[in-house]
Amino acid sequence: DKKELDELYLLKHKHDDDMDFVNYENQLFDKTLSPYLYQNDIMNSFLKKLQSLYSIVFDQINIAKNFRNIMVDKYY
């Protein structure tokens, strides 16, 4: 949603009812990394800042994977 205008994003997704949506920006590192890393305050704040960057990278990889997939519409 950060890479598009708010109005266009709302127009494209106002009828979405998919409840299997994963919010990578808030859960990517929390679900995959060890809780031991989050005990240090400096590392915790660094990982929280890094998490939004990696969520964008993760979304771009998914777009690239779908672009090469013949079963997915290229304008999806």
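Peer 1: How should I be thinking about the overall build of the protein chain in this particular structure?
Peer 2: Counting its secondary structure elements, the protein chain contains three helices and zero strands. Its helices and strands in sequence order give the protein chain the pattern α-α-α, from N to C terminus. Counting all 76 residues of the protein chain, 8% fall into the buried class. In the protein chain, once contacts between residues fewer than 6 apart in sequence are set aside, the share between residues at least 24 apart is 43%. Counting every atom, the protein chain has about 7200 Å² of accessible surface; 59% of that belongs to carbon and sulfur.

Peer 1: Would you take a moment to explain the pattern of salt bridges for this structure?
Peer 2: Between side chains of opposite charge, a pair can form when the charged atoms approach closely. Taken as a whole and judged by the stated rule, the model has one salt bridge. When the shortest N-O distance is used, the salt bridge between aspartate 30 and lysine 48 registers 3.1 Å. With aspartate 30 in helix H2 (residues 24-32) and lysine 48 in helix H3 (residues 41-68), this residue pair connects regions lying 18 residues apart in the sequence.

Peer 1: I keep staring at a nonpolar patch on the surface and nothing clicks. Help me out?
Peer 2: A cluster of nonpolar residues, Leu53, Tyr54, Val57 and Ile61, forms a patch on the protein surface that exposes about 350 Å² of accessible area. With respect to the secondary-structure elements, leucine 53 resides in helix H3. Judged by relative accessible area, leucine 53 falls into the partly exposed class, the value being 47%.

Peer 1: Please explain the packing of aromatic side chains as it appears in this structure.
Peer 2: Geometry of an aromatic ring pair is reported as the spacing of the ring centres plus the angle between the planes. Applying the stated criterion across every chain, the model contains one aromatic pair. Taking the centre distance of 5.6 Å and the plane angle of 55° together, the rings of phenylalanine 29 and tyrosine 54 count as tilted. With phenylalanine 29 in helix H2 and tyrosine 54 in helix H3, the pair connects residues that are 25 residues apart, well separated along the chain. Classification of phenylalanine 29 as buried rests on a relative accessible area of 11%. Owing to a relative accessible area of 41%, tyrosine 54 belongs among the partly exposed residues under this scheme.

Calculation rules
Residues numbered from 1 in each chain as written. Predicted model: local features only at pLDDT ≥ 70, side-chain atom pairs only at ≥ 80, totals over all residues. Heavy atoms only, no water. Helix = DSSP H or I, 4+ residues; strand = E, 2+ residues; numbered from the N terminus. Buried < 20%, exposed > 50% of the residue type's maximum accessible area, 1.4 Å probe, protein only. Contact = heavy atoms within 4.5 Å. Areas by Shrake-Rupley, 256 points an atom, 1.4 Å probe, with all protein chains shown as cover. Salt bridge = Lys/Arg side-chain N within 4 Å of Asp/Glu carboxyl O. Patch = residues over 30% accessible without salt bridge, like charges linked within 9 Å, V, L, I, M, F, W, Y side chains within 5 Å. Phe/Tyr/Trp six-rings, centres within 6.5 Å; stacked < 30°, edge-to-face > 60°.

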